[in-house]
Amino acid sequence: MTNCLFCKIIAGEIPTNKIYEDDKVFAFGDINPQAPVHILIIPKKHISSLDDVTAEDKDLLGYIQIVASKLAKEKNLTDGYRVVNNCGVDGGQTVAHIHYHLLGGRTFGWPPG
Ligand code: AMP
Ligand code: ZN
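Conventions we followed
- Along each chain, numbering runs from 1 in the same order as the chain's sequence is written.
- By the order in which they are written, chains take letters starting at A while ligands take numbers starting at 1.
- Local features are withheld for residues below a pLDDT of 70 in this predicted model, meaning they are given only at 70 or higher, and side-chain atom pairs are given and counted only at 80 or more; totals for whole chains, interfaces and linings count all residues.
- Side-chain descriptors were evaluated using all non-hydrogen atoms of the structure, hydrogens and water having been removed beforehand.
- Nitrogen, oxygen and sulfur within 2.8 Å of a metal are treated as its donors, or within 3.2 Å for sodium, potassium and calcium (Na, K, Ca); water is not counted, so a site can appear incomplete.
- Note on geometry labels: four donors, all angles 85 to 135 degrees, give tetrahedral; four donors become square planar and six octahedral when opposite donors are over 155 degrees apart and every other angle is between 65 and 115; remaining cases are irregular.
- Helix and strand labels come from DSSP, where a helix needs a run of H or I of at least four residues and a strand needs a run of E of at least two; each type is numbered from the N terminus.
- What makes two strands pair is DSSP finding at least two bridges between them.
- Orientation is described by axes fitted as lines to C-alpha atoms, over the contacting stretch for helices, and by angles from 0 to 180 degrees between their N-to-C directions.
- Whether two residues are in contact is decided by their heavy atoms: any pair within 4.5 Å suffices.
- In these notes, a set of buried Ala, Val, Leu, Ile, Met, Phe, Trp, Tyr and Cys residues joined through side-chain atoms within 4.5 Å is what counts as a nonpolar core.
- For every residue, the accessible area (1.4 Å probe, protein chains only) is compared with the maximum for its type, and the residue is labelled buried under 20%, exposed over 50%, or partly exposed between those bounds.
- Only a single heavy atom is needed: when it lies within 4 Å of a molecule or strand, its residue is near that molecule or strand.
- Within 3.5 Å is the distance limit for a polar contact, defined as a pair of N or O atoms, with the added protein rule that one can donate a hydrogen and the other accept it, and that residues adjacent in sequence qualify only through two side-chain atoms.
- Each accessible area value is a Shrake-Rupley result obtained with a 1.4 Å probe; residue values ignore everything except the protein chains displayed when judging cover.

What to know about the coordination of the zinc ion (ligand 2)
Any two of four tetrahedral donors ideally make an angle of 109.5 degrees at the metal, while pairs among six octahedral donors ideally make 90 or 180 degrees. Protein coordination of the zinc ion (ligand 2) is provided by Cys-4 (SG), Cys-7 (SG), His-46 (ND1) and His-97 (ND1), with donor distances spanning 2.0 to 2.3 Å. Geometry at the zinc ion (ligand 2) is tetrahedral, judged from its 4 donor atoms and the angles of 105 to 117 degrees they form at the metal. Considered as a linear motif, the donors of the zinc ion (ligand 2) on their single chain read C-x2-C-x38-H-x50-H. Here Cys-4, found in the segment before helix H1 (5-10), pairs with His-46, found in the loop between strand E3 (37-43) and helix H2 (58-74); they are 42 residues apart in sequence, far enough to count as distant.

This is the structure in C-alpha cells:
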C-alpha cells in the first residue's frame, strides 16, 4: 500500500518510536498517548480494518495478541491493561491499516466513551 501511513512507518519512511519488530508484526509508541503506556501493534501485511480480515488471517490475528501479552509483560503492566481495536467510522478508526492499541499504566473506565 503506497499511500498508507502505517505501511510507511513499517518501511522506515516515517520515523517512529519502534518498540518491537519481527517478520510478521511491528509495534511503536502512539504519537498521542492516552495512557502512560500506549503502544500500537500492527501486522506488516496491509489489512485496512478488522472488517476486512479473512480466515487466512487467523494465525496473524492470534499472534498479535501473543505479542500484546509479551509487550505488556516487558512494560511491567502487572495490574492489567487494555487491548483495543477501533473499526470503521463508528469505532473511531482514523488510520486504515488494522492496529491494536495496547494501553496500560492507569485504570480505564467502562463503558468506553
Ligand atoms: P485509531 O483512532 O484507532 O485509528 O488509532 C490511530 C492512532 O494512530 C491514534 O491513536 C494516533 O494517535 C496514532 N498515530 C497517528 N499517526 C501516528 C504516527 N505518525 N506515529 C504514531 N502514532 C500515530
Ligand atoms: Zn498499510
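Some details on the sheet that holds strand E4 (residues 81-84)
Pairing in this open sheet of 5 strands is antiparallel, and the strands run E1-E2-E3-E5-E4 from one edge to the other. Both outer strands of the open sheet, strand E1 (18-21) and E4, are each paired with one neighbouring strand and no more. With direction set aside, neighbouring strand axes in the sheet form an average angle of 20 degrees. With respect to the sheet, H2 is in contact with E1, strand E2 (25-29), E3, E4 and strand E5 (100-104), its orientation differing from that of E3 by roughly 155 degrees.

Some remarks on unusual backbone geometry
Following Trp-110, the chain continues to Pro-111 via a peptide bond in cis, the omega torsion being 5 degrees. Mapped onto the elements, Pro-111 comes out in the segment after E5. One non-glycine residue, Asn-76, adopts positive backbone phi at about 60 degrees. Within the fold, Asn-76 resides in the loop between H2 and E4.

Comments concerning the nonpolar core
Counting 18 residues, the largest nonpolar core has Ile-39, Ile-41 and Leu-71 as the members making the most contacts within it. Going through the elements one at a time, E2, E3, H2 and E5 are the ones with two or more residues in this core. With 7 residues, H2 is the largest single contributor of residues to this core. In this view, Ile-39 contacts Ile-19, Ala-27, Phe-28, Leu-71, Lys-75, Tyr-100, His-101 and Leu-102; residues no more than four positions away in its chain are not counted. The next biggest cluster of nonpolar side chains, apart from the first, holds 10 residues, and it includes Cys-4, Cys-7, Phe-26 and Val-95.

A closer look at the site of ligand 1
As a matter of local geometry, ligand 1 sits amid 16 residues, with Asp-30, Asn-86, Thr-94, His-99 and His-101 nearest to it. For ligand 1, an oxygen atom lies 2.8 Å from a polar atom in the side chain of Asn-86. Contact between ligand 1 and His-99: an oxygen atom at 2.8 Å from a side-chain N or O atom of the residue. Computed on the free molecule, ligand 1 has an accessible area of 510 Å², of which 83% lies beneath the protein chains in the complex.

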